[in-house]
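# Observations on chain architecture
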Amino acid sequence: MSRSLVIGAVLSAVFVLAALVSFVWTPYDVLGLDIPNKLKEPSAAHWLGTDHFGRDIFSMIMVGARTSIAVAIVAVGIGMLLGVPLGLAAAARTGTLLDEVIMRGNDLVFAFPSLLIAIMITAVFGASAVNAIIAIGIFNIPVFARLVRGAALSLWTRDYVLAARVSGKGAARISLEHILPNVTNLLIVQGTIQFSLGILAEAGLSYVGLGAQPPTPSWGRMLAESQTMFSFKPHLAVFPGLAILLTVLGLNLLGDGLRDALDPRLRRAKR
Amino acid sequence: MTFMKFATASALAMMVAGAAAAKSDITLAMQLEPPHLDPTSAAAGAIDSVLYSNVFEGLTRFASDGSIIPGLAQSWEISDDGLTYTFKLAEGVSFHDGTSMDAEDVKFSLDRARAEDSANAQKALFGSIAEVEAVDASTVKITLSAPNGSLLFNLAWGDAVIVAPESIENIKQAPVGTGAFKFANWVQGDNITLERNPDYWGTPAKLDKVTFKFISDPTAAFAAVMAEDVDVFAGYPAPENVPQFEADARFQVIVGNTEGETILSTNNKMPPFDNVKVRAALAHAIDRQAIVDGAMFGLGTPIGTHFAPHHPDYVDLTAESAYDPEKAKALLAEAGFGDGFTTTLKLPPPSYARRGGEIIAAQLREVGIQTEITNLEWAQWLEEVFKGKDYGLTIVSHTEPMDIGIYARPDYYFQYDDAEFQAMNTALEAEADVAKRSALLDKMQRKIAGDYVNGYLFQLAIPTIAKAGVRGLWENAPTQANDMTGVYWAE
Amino acid sequence: MLRFVARRLVSLLVSLAVASCVIFVFVEVVPGDPAAYMLGLNAQEDTLNALREQLGLNGTLLERYLNWVGGMLRGDFGTSYTYRTPVSEMIGERMWISLPLAIYALTLSTLIAFPAGIWAASQRGSLVDVLVMGFTQLGVAIPNFWFAMLMVLLFAINLRWFSAGGFAGWEAGFGPALKSLTLPAIALALPQASILARVMRSSLLDTLGEDYIRTARAKGLSRRQALWRHALRNALIPVLTIIGLQFSFLMAGAIIIENVFYLPGLGRLVFQSIAARDLIVVESVVMLLVFAVIVVNFLVDVAYALVDPRLRVRA
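All residue numbers here refer to positions counted from 1 along the written sequence of the relevant chain. To label them, take the chains in the order written and letter them from A, then take the ligands in the order written and number them from 1. Since the coordinates come from a predicted model, pLDDT governs what is reported: local features require at least 70, and pairs of side-chain atoms require 80 or more to be given and counted, while whole-chain, interface and lining totals use all residues. Excluded from the side-chain calculation are hydrogens and water; included are all heavy atoms of the structure.

### Observations regarding the overall build of chain B
In this text, helices come from DSSP runs of H or I with a minimum length of four residues, and strands from runs of E with a minimum of two, each type numbered from the N-terminal end. Helices and strands together make up the secondary structure of chain B, namely twelve helices and 19 strands. For 491 residues, the compact-globule estimate of 2.2 N^0.38 gives 23 Å, and the C-alpha radius of gyration of chain B, at 23 Å, lies within 12% of that figure. Principal-axis analysis of the C-alpha atoms places the extent of chain B at approximately 70 × 55 × 35 Å. Partly exposed describes any residue whose relative accessible area lies between the buried limit of under 20% and the exposed limit of over 50%, with all areas from a 1.4 Å probe on protein chains only and scaled to the type maximum. Counting all 491 residues of chain B, 62% fall into the buried class. Of the contacts formed within chain B by residues at least 6 apart in sequence, a portion of 71% connects residues at least 24 apart. Here chain B has roughly 16200 Å² of accessible surface; of this, 49% comes from carbon and sulfur atoms. The size measure is the radius of gyration over C-alpha atoms, and the globule rule it meets is 2.2 Å times the number of residues to the 0.38 power. Contacts are assigned to residue pairs that have any heavy atoms within 4.5 Å of one another. Each accessible area is a Shrake-Rupley result for a 1.4 Å probe, and residues are judged covered by the shown protein chains and nothing else.

Here it is as structure tokens:
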């Protein structure tokens, strides 16, 4: 096991665990305000201090992890659920109109920066976590479609696939039985990377007010709301930012480590 | 009420003696940029914030204390029946394009504002005017269809300024007025520059050049003031930074009062808010001081009705809706909502609304009322809340002066429809006697407080941050304006 | 080659047409009446109608779409609802901030990434390599708006080396203008530079492992000579792809960064216009950004085909 895999797994596990624990326990209630105790520096009572409403920042980061992780996971899920079948189909019917339409559709989605999609969606339907998920999810579709199509194209030329074709299996069955299992490693690695990008995107969206709405805590909004107080209460800037940084870092390291562990070719090349 | 007028606060003293200052230009920042530069065809308060009194003047004008003083009209006579106003115009006034300003221009401006196809956002101000007549070059006669106690007040508004007929075509880009400053340049998205008008008819301005810079983001506002990129920030949007500026010798902080009654507007026609007990419960569930402390960092005066506390006719009714969650719960139970209910809370962009909304949501949760918060941009807020009346609760600051009359409009967005109040308002509009007006206003304030029409939170106080050497800034904001005509730098 | 370019050109035009439809339909269903926003709370219905008529908001959907597209083809983007100035002028003005910012950021990112990537690859496994890889990991993971805020806190508020935001204007001179774009460009460039450096490094390592490099090494070239003479040129292809792709990320990232530094660029224009329901501006700016991305991708494809004839078949 590589060092990056270990560090990445530990960091990611910490935040996933924090998110899970927050369902049953947080040091303080994140919905209850305590205005007399606002803007307190970190102390024994409040490990990471309190925000401008007197809410406990440690508790908010725990619940914020939940928001970030939920948004990113569902967005990656949407990307995979729609992107993988599209990629498989395009590869199975390579060179046909279907392939062309899918790939050009991908290019088109790629041409819209994800933030623009998010802005447009929220302009129409209002800002919410669900719309953030949709915006990030849409952007994930072409990522997975391209990845799967590329990998599947080379798999289609393999002997065992040819054998399956000769035996009369249809393209859909071959895709499911022979192609898909062989791209799972790739999907896991890319999924991890997209997951971390999703967390960054969620943070960016909620920072500009297009993500989860109050009172649901989210890391990006914590930064946005306390931005005017950074100059005299730096702890407000440091902790939510660090939470984003460490989570994304952890997932990236995990992704790198997984790629090395799962892809024998790369492992060999590294030695 | 002009919803966009929340942003600006300060206006400036007019007469200050002898100023030989080192610096003759100033950069004043404010939050909102005007969409265009015609104060007579948009509600955007930012237009007045740049142009009122600086570039454009009306027949009358607001003084720093909110009283009405002569503007382009030096004097006036009112007929005994209160139906005819005869204004004597100042002599030798010319527009910035060199043409002279006379009675015909006044007639043109007022007729344009009240015309059938007028795009004036405050058309109702001119509703009682039957005819405007240019008697001679310096005399204007206004005839009313019914007596109107607030005509002089109405004519002081930025929406009633006198414009040059020849300039109307391009007024939105190149405004031509009679003021002590003329419009010079506009870099859209960034700043507007005004230059001193050397041919001003009255006391000339002390500054040669004024740059209005637009910084909407509170963080950017803080950074810009700290880095001394701007000399004044009128309507500084982040009250949490005020102690820092107060502690810094480079700056002075001016906290004046505004006309902004900040209220928890309630949809009076939407169940369960059609039940006065529910509205009363709402009022008792709210801890105003916590909102002032939490959302405004202590700036702002709690109010108990829709009236400015600094106004002589204000009645302090905060005790009638004192914070008492137990009473609120009891009232809810009486109304049949012992288990609480869920409603919507739609919040426009300013931080008083966004932060205040979170605090109110937490306070209402304590008595069993669950709120779904939605943050809206102004345009959406207008569409959904103000026009569509699709909301349960919202928070907004009504920043127009003396706007209690909105409670007499049953189609207004909080949908309060009360014949008794409407009768009082009609009486008030026709009443010119000061004492009788006071008595009526007293009754009206008590009426809406007793009916718990809305949750009355606090009078908005918006700080102005200025460099220590700036003099001549007005403390209070009786109307939305940054009157720069008397501003100068101390040596 | 011509055939390839022609085919790509056709698909480019189809993409643009589809994109314009998507954008138009999307923006048109945005709730909120621009006229109501402009006139405010006390406006009366007849005033509103008069204004809507002036703005051309009363036509049918198809009429308005054809007007919009037809106008754009002639370089006429319509008139802003709120500012009442031609949209093309507004875009032109703001472009002079957004485009230099993107180029500045791209230049910075390349200037940082190339040496870092090459250095790391040439001394693989050394302390330098470990440090470069560590820093790039951080650079990829840091949210750029947070990084931007921290820089403002340090360089603008505490040290006062830079202005905290805003744009000095090109008329103030090249130096001051560039200075006001420096912090935003760094904030934008950092994540891109990190990605680019990593791609540079791994691409170099890949080519260094290729047979022809081994042959060259066997003939007595030092590792360093092999890297500079042979590997670098071939390693550039994936690096160029990434630079092309980054253009779209820079455009998107700029929307947030322009807001952090209140630069009056295209990104802020989009935000302001959405808030003011200035639909015509939103449509045009989004279309322009999408157009830019599509065209850049097209150029990258064509450049590829020029470099590597094998790729022409694929399209």
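### Brief notes about the interface of chain C and chain A
Taken residue by residue, the interface counts 37 residues in chain C and 37 residues in chain A. The term buried area refers to how much accessible surface (probe radius 1.4 Å) is lost by two components on association, counted for both of them together. Here chain C meets chain A over a buried area of about 3400 Å², counting both sides, of which 80% is carbon and sulfur. Salt-bridge detection follows one rule: a side-chain nitrogen of Lys or Arg within 4 Å of a carboxyl oxygen of Asp or Glu. Measuring nitrogen to oxygen at the nearest pair gives 3.0 Å for the salt bridge that ties arginine 198 of chain C to aspartate 256 of chain A. Each polar contact in these results corresponds to two N or O atoms within 3.5 Å; when the atoms are within protein, one needs to be able to donate a hydrogen and the other to accept it, and residues that are neighboring in sequence are counted only if both atoms are side-chain atoms. Across the chain C-chain A interface, the total number found is three residue pairs in polar contact (both at pLDDT 80 or more). Those elements giving two or more residues to the side of chain C that touches chain A turn out to be helix H1 (2–28), helix H6 (127–141), helix H7 (144–158), helix H10 (223–260), helix H11 (266–275) and helix H12 (279–307) of chain C. Top contributing element to the side of chain C that touches chain A by residue count: H1 of chain C, with seven residues. Split into classes, the residues belonging to the side of chain C that touches chain A amount to 29 nonpolar, four polar and four charged. Gly counts as polar in this scheme, as do all residues outside two lists: the nonpolar Ala, Val, Leu, Ile, Met, Phe, Trp, Tyr, Cys and Pro, and the charged Asp, Glu, Lys and Arg.

### Observations regarding the packing of aromatic side chains
Aromatic rings from Phe, Tyr and Trp, with only the six-membered ring used for Trp, were paired whenever their centres fell within 6.5 Å, and each pair was classed as stacked if the ring planes differed by under 30 degrees, edge-to-face if by over 60, and tilted otherwise. All chains considered together, the criterion is met by 32 aromatic pairs over all chains. For the ring pair tryptophan 381 of chain B and tyrosine 413 of chain B, a centre distance of 5.7 Å and an interplane angle of 70° mean the geometry is edge-to-face. In this pair, tryptophan 381 of chain B sits in helix H10 (residues 378–387) while tyrosine 413 of chain B sits in the loop between strand S16 (393–398) and helix H11 (419–430), placing the two residues 32 residues apart along the sequence. Here tryptophan 381 of chain B falls in the buried class, since its relative accessible area comes to 0%. Taken together, the aromatic side chains of Trp381, Phe386, Tyr391, Tyr407, Tyr412, Tyr413, Phe414, Tyr416 and Phe421 of chain B make up a single cluster linked through ring pairs. Only when the NZ of Lys or the CZ of Arg is both within 6 Å of the ring centre and within 35 degrees of the ring normal is a charge said to sit over the ring. Directly above the aromatic system of phenylalanine 23 of chain A lies the positively charged group of arginine 66 of chain A, at a separation of 4.4 Å from the ring centroid. Over the ring of phenylalanine 162 of chain C we find lysine 179 of chain C; its NZ or CZ atom is 6.0 Å from the centre of that ring.

### Description of the interface of chain C and chain B
In this complex, chain C contributes 35 residues to the contact, which on the side of chain B involves 49 residues. Summed over the shared surface of chain C and chain B, the result is one salt bridge. Note that glutamate 228 of chain B is salt-bridged to arginine 160 of chain C, the shortest N-O span being 3.8 Å. Along the contact surface separating chain C from chain B lie zero residue pairs in polar contact (both at pLDDT 80 or more). Broken down by secondary-structure element, the contributors of at least two residues to the side of chain C that touches chain B are helix H2 (34–39), helix H3 (45–55), helix H5 (87–122), H7 and H11 of chain C. The leading source of residues in the side of chain C that touches chain B is H2 of chain C, at four residues.

### Some remarks on unusual backbone geometry
Cis geometry marks the peptide bond from proline 214 of chain A to proline 215 of chain A, where omega comes out at 5°. Of note, the amide linkage connecting proline 271 of chain B to proline 272 of chain B takes the cis form, showing an omega dihedral of 0°. The residue proline 272 of chain B is located in the loop between strand S12 (251–266) and helix H6 (276–285) in this model. Not every positive phi belongs to a glycine, and phenylalanine 297 of chain B is a case in point at roughly 50°.

### A look at the domain arrangement of chain C
Note on interface size: it is often stated as the accessible area lost on association of the parts. Residues and elements named next belong to chain C. Along its sequence, chain C is organised into domain 1 (2–73) and domain 2 (90–314). Note that domain bounds follow an automatic or database assignment of domains. Look at where the C-alpha atoms of domain 1 and domain 2 centre, and you get two points 32 Å apart. Contact residues are listed per partner, giving 20 residues for domain 1 and 20 residues for domain 2. For the pair domain 1 and domain 2, the summed buried area comes to about 1800 Å², and 78% of that belongs to carbon and sulfur atoms. Taken together, domain 1 and domain 2 are joined by zero salt bridges. Applying the counting criterion to the domain 1 and domain 2 interface returns one residue pair in polar contact (both at pLDDT 80 or more). The dominant element in the side of domain 1 that touches domain 2, judged by the number of residues it contributes, is H1, at 13 residues.

### Quick notes on the pattern of salt bridges
Residue and element names in this part refer to chain A. Under the criterion given, the structure shown has 34 salt bridges over all chains. Where glutamate 225 meets arginine 55, a salt bridge forms, and the shortest distance between an N and an O atom there is 3.8 Å. Here glutamate 225 is found in helix H8 (residues 219–226), whereas its partner arginine 55 is found in the loop between helix H1 (3–24) and helix H2 (57–92), with 170 residues between them in sequence. Note on arginine 55: relative accessible area 2%, which makes it buried.

### Section: the sheet that holds strand S7 (residues 139–144) of chain B
All names here are of chain B. Strands are treated as partners if at least two bridges between them are detected by DSSP. Taken in spatial order, the four strands line up as S4-S5-S7-S6 in an open sheet, and their pairing is antiparallel. Strands at the two margins of the open sheet, each flanked by one partner only, are strand S4 (73–78) and strand S6 (129–136). Averaged over all pairs of adjacent strands, the angle between strand axes in this sheet comes to 20°, irrespective of strand direction. Here five bridges tie S4 to strand S5 (residues 84–89), and the two strands are oriented antiparallel to one another. Looking at S5, one finds that tryptophan 76 is bridged to phenylalanine 87. To get an axis, fit a line to the C-alpha atoms, keeping to the stretch in contact for a helix; angles then go from 0 to 180 degrees between the N-to-C directions.

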